[in-house]
Amino acid sequence: MRILSYLLVPFLLSLFSINLSFAKDDNKVNIIVESKEPRILFGAEKIIAALKGVGIEASLASNNKISAKQKNIVVATQATLSSTIKKQIQIEKYPTAKESFAIASFGKNNSLLLGADASGALYACLEFADKIKAAKQIPASFNLYDAPEMVLRGTAIGIQKPEYLPGRDVYEYPYTPESFPWFYDKQHWIDYLDMLVENRYNSLYLWNGHPFSSLVKLKDYPYALEVDEATFRKNEEVFKFLTAEADKRGIWVIQMFYNILIPKPFAEKHGLKTQDRNRPIIPLIADYTQKSIAAFVEKYPNVGLLITLGEAMEGVGQDDIDWFTKTIIPGVKNGLKALGTQTEPPIVLRAHDTDAPAVMKVALPLYKNLYTMAKFNGEALTVPEPRGKWADLHRTLSRIGTVHIENVHIMANLEPFRYSSPDFIQRSVKGMHHVLEANGLHLYPQASYWDWPYTADKAPKRLMQIDRDWMWYKAWARYAWKADRNSAEDFNFWSQELSDKFGTNADANKYFVEAYDQAGEISPKILRRFGITDGNRQTSTLGMLMTQFINPFRYGLFTLMYESEAPEGEMIIDYAEKEWKGEKHVGETPMQIAEEIVAHGKKAVAAIEKVAPYVTKNQEEFNRIKNDMYIHLAMAQHYSDKVKAAIQVLRFKYSNDVADLEKALPLLESSVAHYKNLTSLTEHTYLYANSMQTKQRKIPMRGVDKTFIHWKEVLPVFNVELANFKHNIDSLKNTKNTKAATVKAYDNANVKLLGNYQTYIVQQNAKPFSDKDEKIEALAPELKGLKGIALNTSEQQKNGTKLEFSNTKPVTVLVGFFTEKSLAYSPAPVLEIDASANNYGQAESKISKAVILKGMPNVNVHAYTFPAGKNTLTLAKGKALVLGFVDGNQNIKIYDAALDGSSKDIDWLFGEYEPTDVKL
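Residues numbered from 1 in each chain as written. Predicted model: local features only at pLDDT ≥ 70, side-chain atom pairs only at ≥ 80, totals over all residues. Heavy atoms only, no water.

Novice: Lay out the nonpolar core in plain terms, naming residues and giving numbers.
Specialist: Phe183, Trp189, Leu204, Phe324, Trp472 and Trp476 are the most contacted members of the largest nonpolar core, which totals 142 residues. When residues in this core are grouped by element, the largest group, nine residues, is from helix H14 (residues 470-481). Setting aside anything within four residues of it in sequence, one finds phenylalanine 183 in contact with Ile159, Tyr175, Trp189, Asn235, Val238 and Phe239. In terms of nonpolar packing, the next biggest core, distinct from the first, is built from 65 residues, Ile573, Tyr575, Leu665 and Leu678 among them. (Core = buried A, V, L, I, M, F, W, Y, C linked by side-chain atoms within 4.5 Å. Buried < 20%, exposed > 50% of the residue type's maximum accessible area, 1.4 Å probe, protein only. Helix = DSSP H or I, 4+ residues; strand = E, 2+ residues; numbered from the N terminus. Contact = heavy atoms within 4.5 Å.)

Okay, structure coming up:
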């Protein structure tokens, strides 16, 4: 397996020429390095600093001679180790694997730090420096071999922001000092890179939608540059500085980008959108992209590329393969040709919203230095051992023959609180190896990805992520290097780290670790058993509405989370149904988790209280950690009682007995009381719950323009929810034989169709397709009388749906998506794979099972809201219904019409909280 060969600066071919003689100066430790390779020199500097830190003078030897009177430290690689030294040492195992190293004593006073390559020699130096610091002297005798288990161990930084820039869409963030002042702070980069190398990370991923228009200029497209000349020169300087500093620390910089995304000035000049998921490959855009990549490779030859084919272009299909093999790879090759080299930079293919195995099958014959990457637990952390079809995908990619990388992505269910469970993290890395067969780690920040480099903590001065979350980075790196470790040795490691940070002793540290491990179970268990999605459209720590517990499909339930990113078990709705029917439960149940998370929270609080008396350093940070443990408990108690209430409410769905609702009431009241406590614990300690503060956020509340980002904003919603529930229980008890309210049909909005479109009246027996005979058998009463568009299914399946119209007032287009997932049907918008899936407020089903066509799947209605003007509705390939246009301010009741007779709607028990997420 050829890996990292591109990263390593070519080794010097000369061998050590070391003469055994007496040096004139016998008061210093000689550090002997013949190679001037930057990584080895950097490692030697770390040894010198460690020695000086314990009062020992040391310097690089000027003549590379070993002194018989002094202590000598020789740093070498297999390629540079002299035969003279080879004869003097006994090494149990010579380092040959990439980045491996051995440390051995030889002669009377000498130490050899030997790496298989320059990175191995660097790690030998770092290990030896750590031993010097711990012993406060040079170890008298040493014989050590070590090597990393994971080939790639990297972290990610998002060059992105919590909100959109004016006039731009998701991921569109040019590199400028105004948007990213930290990017130009060289000391910030030094601190971060030092943290990476200290933890033996060897890769750094920079995430941005389209970085090329900030980093290269094109002769054919000079207008594509998105920054001014002064900023462009700064960007060049910083990027070159970053890659050089990273390289000498053995760190490979990898630039990520999305496809197909183009710079704003380029788009405006050619009358295009910066991103359009349903746009076919256009030769102009392909030419621009290919030349951008070529210029980037030529200018920054030591930088890898991370490719996201899906999300900004239509997902699985031939377009993905063509774009990768006919645009991206040729762009890289053209850059190499301009450089006059055939050494391929690594390309990482991200298996997100694309058929990565199919893409790799075509790409590997064209380009060999390829890697694959996929999300470990979606955009969250839920389970150490994924299963099902998601695990199958990982294993398929791992078995292709290249290195497969596990992407620990976003952590939407952890933020903003601290998370550093050594046990959960270690089990996760073992799962990566043994279940997914992967051999690489790509680690996102623990929280506040969109707000780098700051945390969400409310403090006099913003806290930095690398400072607050030091244990997060250290734990993943430790187990990525070696997953299986002796438990006693492992505890001693963490005990020492915690003692260094907080001045605690070993007795206190066992409770410290227990607090982290107990709290570390709570958020993963909450999301994997109660949640709607593994994506960052759900802010798990803010809680959930009752309707989200009792009717999750209404909110676009992402079932993969339950099928693959959780142990075998039941959803709340499944559990309630089995309880009613007296059926046997399977696996992990909601009631089980409701009890377990509270137990974890109580144990975490008890453990951290036992630590408190022993803290002698960093008291303010410890107080924040302690508060986080109480927060976890309050969150667990809130979820636990609300889940129990939801199960009781679902029983009413079957029993129609108001007594079941009355039993739920005290549980719901208790959940609100715990949420009030949670709000109190966070009000003065956290700025926000979610670092992504845009319209993509949907659960528990729709958030746009930084709304519903704090617990104090959600608490009133839960209070009203409780009040509505009480009122509706009273209404059920005091009202008998109430006549059902008449449902008023929606009025047609005034629009002008800009094309030759065939229309029809939406009603029973109407034909919604121009080329098919299928008729509407039943429909939700609100839809009756609307003027629908009779679409041609053949055209829909070949090219998708494109509907152009103009309107003088805001309008909402009601679109029907079939519930069956098949190439025959246009897919409903899904935020987990398409960041633009809520640009028009369309991401959530409004009326479930709203239309029945004979012989076809159920139809859910989604709403696309457009401002006044000329507009275009575009849908992905496949059949879909356009059911008509209504006023853009029309209140569309969200409910399950259940026309197939599958269920009874009980969402009304809690009222509606649906503030609009479309700004008109």
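Novice: Please provide a residue-by-residue account of the sheet that holds strand E5 (residues 72-77), values included.
Specialist: Each strand in a sheet pairs with another by means of backbone hydrogen bonds, the pair being arranged parallel or else antiparallel. The strand order across the open sheet formed by six strands is E3-E2-E5-E7-E6-E8, and the pairing between neighbours is mixed. Each edge of the sheet is formed by a strand with only one pairing partner; in this case those strands are strand E3 (58-60) and strand E8 (143-146). Shown here is a sheet whose adjacent strand axes are inclined to one another by a mean of 15 degrees, direction ignored. Sheet topology note: the strand E6 (residues 101-106)/E8 ladder contains four bridges and is antiparallel. Considered in E8, the bridge of alanine 102 is made with tyrosine 145. (Pairing = 2+ DSSP bridges. Axes fitted to C-alpha atoms, helices over the stretch in contact; angles between N-to-C directions.)

Novice: Which residues make up the pairing of strand E2 (residues 29-33), and what values go with them?
Specialist: With five of five residues buried, E2 lies mostly within the body of the structure. Here E2 shows two buried faces, one formed by Val29, Ile31 and Val33 and the other by Asn30 and Ile32. One ladder, built from three bridges, connects E2 with E3; its direction is parallel. When the bridges of E3 are listed, valine 29 appears paired with alanine 58. At this point the chain moves from E2, through helix H1 (residues 38-53), to the parallel E3, and the crossover so formed is right-handed. Relative to E5, E2 runs parallel, the two sharing four bridges. Bridge assignment links isoleucine 32 to a residue of E5, and that residue is valine 74. (Right-handed = clockwise from strand over helix to strand, strands pointing away.)

Novice: So what's going on with the packing of helix H17 (residues 522-530) against helix H21 (residues 590-611)? Which residues, and what values?
Specialist: Contact pair H17 / H21: the axes reach a minimum separation of 10 Å and the direction vectors enclose 165 degrees. One way to sum up the angle between H17 and H21 is to call them roughly antiparallel. As for the relative orientation of H17 and H21, their crossing is left-handed in sense. Only Pro590, Ile593, Ala594, Glu596, Ile597, His600 and Gly601 of H21 make contact with H17, whose side of the interface consists of Ile522, Lys525, Ile526, Arg529 and Phe530. The class makeup of the residues in the contact of H17 with H21 is seven nonpolar, two polar and three charged. (Parallel < 35°, antiparallel > 145°, perpendicular 65-115°, else oblique. Left-handed = near helix turned anticlockwise from the far one by under 90°. Nonpolar A, V, L, I, M, F, W, Y, C, P; charged D, E, K, R; others polar.)

Novice: Give a detailed account of the packing of aromatic side chains, specifying residues and quantitative values.
Specialist: Under the defined criterion, the tally for this structure stands at 48 aromatic pairs. Pairing tyrosine 221 with tyrosine 288 gives two aromatic rings, centres 5.7 Å apart and planes at 90 degrees, and the pair type is edge-to-face. With tyrosine 221 in the loop between helix H5 (212-215) and helix H6 (229-247) and tyrosine 288 in helix H8 (residues 283-299), this pair connects stretches of sequence that are 67 residues apart. This pair shows no difference in class: tyrosine 221 is buried, exactly as tyrosine 288 is. Where phenylalanine 512 meets phenylalanine 622, the ring centres are 5.8 Å apart and the plane angle is 90 degrees; that geometry is what we call edge-to-face. With a gap of 110 residues between them, phenylalanine 512 in helix H16 (residues 506-519) and phenylalanine 622 in helix H22 (residues 619-655) connect regions that are remote in the sequence. Note on phenylalanine 512: relative accessible area 0%, which makes it buried. Phenylalanine 622 sits in the buried class, given a relative accessible area of 1%. The structure contains a cluster of three or more aromatic residues connected by ring pairs, namely Tyr173, Tyr175, Phe180, Trp182, Phe183, Tyr184 and Trp189. Sitting over the ring of phenylalanine 241, lysine 186 keeps its end group 5.0 Å from the ring centre. (Phe/Tyr/Trp six-rings, centres within 6.5 Å; stacked < 30°, edge-to-face > 60°. Lys NZ or Arg CZ within 6 Å of the ring centre and 35° of its normal.)

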